[in-house]
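Fold and geometry: a report
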Amino acid sequence: MAEETIFSKIIRREIATELLYQDELVTAFRDIHPRAPTHILIVPNVLIPTVNDVEPQHEAALGRMFTVARKLAADAGISEKGYRLIMNCNSHGGQEVYHIHMHLVGGQPLGPMLAR
Ligand code: DGP
């Protein structure tokens, strides 16, 4: 059984965090350490620790993450200029919170995908 993270408490509204979106599959809220003018986290409501733990039964939630990303990007007014969706996995990927999440970042030019 995977250990819960702070994200489970946010999803269950046990700690005060403004939710930008929530339905039966996913929840979205602002990153506490924004790296760009828009920096939103979109998470499945069910605890999946890493992308390595993704199973076919998660496909509905994972697909919903993209449709919600599209909506929130439009709400933020960044659709036309563009944005980046990021999912980090384990230590080499720089994952800090072991409840998978999609970063939606934009609002300024983001530069190359990876530092050289
Ligand atoms: P990652 O490195 O991909 O695991 O990114 C985790 C992100 O989660 C990081 O950008 C900071 C954010 N974060 C961590 N704790 C909290 C929290 O309690 N609230 C919010 N809103 N964001 C958090």
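Not measured: the values here are computed from a predicted model.

We now examine the site of the ligand. Near the ligand, the surroundings consist of 16 residues, among which Arg30, Asp31, Glu96, His101 and His103 are the closest. Arg35 places a polar side-chain atom, nitrogen or oxygen, 3.3 Å from an oxygen atom of the ligand. Here Val97 contributes a backbone N or O atom positioned 3.0 Å from an oxygen atom of the ligand. Protein chains shield 88% of the accessible area of the ligand, which is 510 Å² for the free molecule. Taking a 2 Å distance to the grid points as the criterion, the majority of the atoms of the ligand fall inside the largest pocket. Counting residues per element, the ones that place at least two in the shell around the ligand are α1 (6-11) and β2 (26-30).

A separate point is the pairing of strand β5 (residues 102-106). The buried fraction of β5 is high, at five of five residues. Neither face of β5 is exposed, since Met102, Leu104 and Gly106 on one face and His103 and Val105 on the opposite face are all buried. Relative to β5, strand β3 (residues 38-44) is paired through five bridges, and the arrangement is antiparallel. The partner of Thr38 across the bridge, within β5, is Gly106. With four bridges joining them, strand β4 (residues 83-86) and β5 adopt antiparallel strand pairing. Residue pairing in the sheet places Ile86 in a bridge with His103 of β5.

Each value, and the rule that gives it
- Residues numbered from 1 in each chain as written.
- Predicted model: local features only at pLDDT ≥ 70, side-chain atom pairs only at ≥ 80, totals over all residues.
- Heavy atoms only, no water.
- Near = heavy atom within 4 Å.
- Polar contact = N/O pair within 3.5 Å; in protein donor to acceptor, adjacent residues only side chain to side chain.
- Areas by Shrake-Rupley, 256 points an atom, 1.4 Å probe, with all protein chains shown as cover.
- 1 Å grid on protein atoms, 1.4 Å probe; cavity = no way out; pocket = protein on both sides within 12 Å on 5 of 7 lines; lining within 4 Å.
- Sits in = over half its atoms within 2 Å of the grid points.
- Helix = DSSP H or I, 4+ residues; strand = E, 2+ residues; numbered from the N terminus.
- Buried < 20%, exposed > 50% of the residue type's maximum accessible area, 1.4 Å probe, protein only.
- Pairing = 2+ DSSP bridges.

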